[in-house]
Amino acid sequence: MVARVEIGVPSRSMSAASDATRSRAVQWFVRGGVLVVPGREPVRVGVAPIVLGRDPSCAVVLEDREVSATHCELRAEGPGVLLRDLGSRNGTFVGSVRVREGILTAPCSIQVGASVLAFEPLEKERVDVGFDEAFGPLVGASPRMRHLFRLLREVSPTDLSILITGETGTGKELAAQAVHENSTRSAGPFVVVDCASIPGALAESLLFGHERGAFTGATERRNGAFHDAHRGTIFLDELGELPPELQPKLLRALAERKVKRVGASAYDTVDVRVLAATRRDLGRSMNSGRFRSDLFFRIAQMRVELPPLRDRREDIPLLIQRVCERMGRSERAAEVVDLVMTTLAQHDFPGNVRELVNVASVAASLPSGAESVAAMLPLEGGGVVVAPTSAFGEAKRDAVAAFEQRYFGELVRATGGNVSEMARRAGMERHHVRVFLKKHGLSAK
């Protein structure tokens, strides 16, 4: 059996943080550790991830045939050191227990392949997470978000490539844009490339440009995304979906800061900073051969992870307040906060902040009165009661069906019925999207 230990920063209740708490810097305790590799100098484990594996690009290279190219990683987080398996072939073990993810807080042995490593925890460190409750459009007063904002503020003025990870709806593109706006390149362009929607035949042209006559339909010379981002920032969204045949060419562009148009014989120099985001586990993609490890380490000079909303529920009141302010309905904020805390107290928000913003926007737009508003959630115009006024099973089925109807209805409108685009946005396979469309009587293009 594979054991999984859920990781999360200890959270407060969902009630809004007091003014006193918000006015001072919160201290976040991080305990690092030391990894002892036989025959080598001990390796200090800190906040930056340390990847172990056979690949020469790994921070700790293990010459062990039973170890995968990128086997596992360790980094200081919360009360100890996070150990995460990266989709290795033979697994990662703590003692005799195989783990996918867990927090190490006591001395132990870690087995990867045929290699046994020793882990020793360090004393706790006090980390000043800062005063900021926002970074660009990102909002949060929890220690984890304040620590993230401080990190992003410090790394933004540099030219380091950053890989932003996190579930759908956590705000990865917003984080990338905020980094650009706080960088020395803020006056330059911010170019977004959706790697999931790049047509295979035109992928190279879209990224690097083409010469006139390079292929059928190339009637004029055109710039690619890297040219458009010159002296600015290029954001590669959904990096894990990048076609394999394009990865070595992207690696060359990042390493040499030069790109060659399709059909050209010479390279053009480009001055760009690269930010990327993914919701996929690139460790597993590297081990399966779907993603190049050298490209990963080139892009992930710095890695930041946006936590899911369920791991920072104490930020919900502040997020709702900002939504109401943006809508010009500040007077409804307290009522919407109370409604969400009561009606959706056990809801995990699988759509994360995006889903919360949607729910809060609907609630703030409806007439005042908790009962009438509760009867409308999560639909804008439906009549589904998600408050505890009926049997749990029946209420849950109605709420789930209502959410599906509204979610996929909006998805159809937003994408013009393009099933491939709907699948990308929803993080689902296309045939699953079609099942939901048929279930709720929605039509696709």
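For the structure, see preceding data.
The paragraphs below set out a description of the structure included in this document. Everything numeric in this text was worked out from a predicted model, so none of it was measured.

Right, let's get into the side chain of Ser285. Within the secondary structure, Ser285 is located in helix H7 (residues 282-287). On the accessibility criterion, Ser285 (4% relative accessible area) is buried. Here Ser285 is in contact with Arg290 and Phe291, once residues within four sequence places are set aside.

What follows is about the side chain of Thr170. If you trace the backbone, Thr170 turns up in the loop between strand S14 (162-165) and helix H3 (172-181). Of note is the side chain of Thr170, whose polar atom sits 2.7 Å from the backbone oxygen of Glu167.

Moving on, we come to the environment of Val419. Mapping Val419 onto the fold places it in helix H14 (residues 419-426). Taking C-alpha positions, Val419 is 9.9 Å from Ser443, a pair spaced 24 residues apart along the chain.

Once that is clear, we can look at the sheet that holds strand S15 (residues 190-194). The pairing of strands in a sheet comes from backbone hydrogen bonds and takes either a parallel or an antiparallel form. If you walk across this open sheet you meet the 5 strands as S15-S16-S19-S14-S20, and the pairing is parallel. Every other strand in the sheet has two partners, leaving S15 and strand S20 (302-305) as the edge strands with one partner each. Sheet twist, expressed as the mean angle between neighbouring strand axes with direction ignored, is 20°. Two strands pair when backbone bridges link them, and S14 and S20 are joined in this way by 4 bridges, in the parallel orientation. In the strand pairing of S20, Leu163 is matched with Arg303.

In this section: the sheet that holds strand S6 (residues 80-85). Within the open sheet, the 5 strands sit side by side as S4-S3-S5-S6-S9. Their pairing is mixed. The open sheet has two edge strands, strand S4 (60-61) and strand S9 (101-104), and neither has a second partner. Sheet analysis places strand S3 (residues 50-53) next to strand S5 (residues 72-77), joined by 3 bridges and oriented antiparallel. Looking at S5, one finds that Ile50 is bridged to Leu74.

The rules behind each value
Residues numbered from 1 in each chain as written. Predicted model: local features only at pLDDT ≥ 70, side-chain atom pairs only at ≥ 80, totals over all residues. Heavy atoms only, no water. Helix = DSSP H or I, 4+ residues; strand = E, 2+ residues; numbered from the N terminus. Buried < 20%, exposed > 50% of the residue type's maximum accessible area, 1.4 Å probe, protein only. Contact = heavy atoms within 4.5 Å. Polar contact = N/O pair within 3.5 Å; in protein donor to acceptor, adjacent residues only side chain to side chain. Pairing = 2+ DSSP bridges. Axes fitted to C-alpha atoms, helices over the stretch in contact; angles between N-to-C directions.

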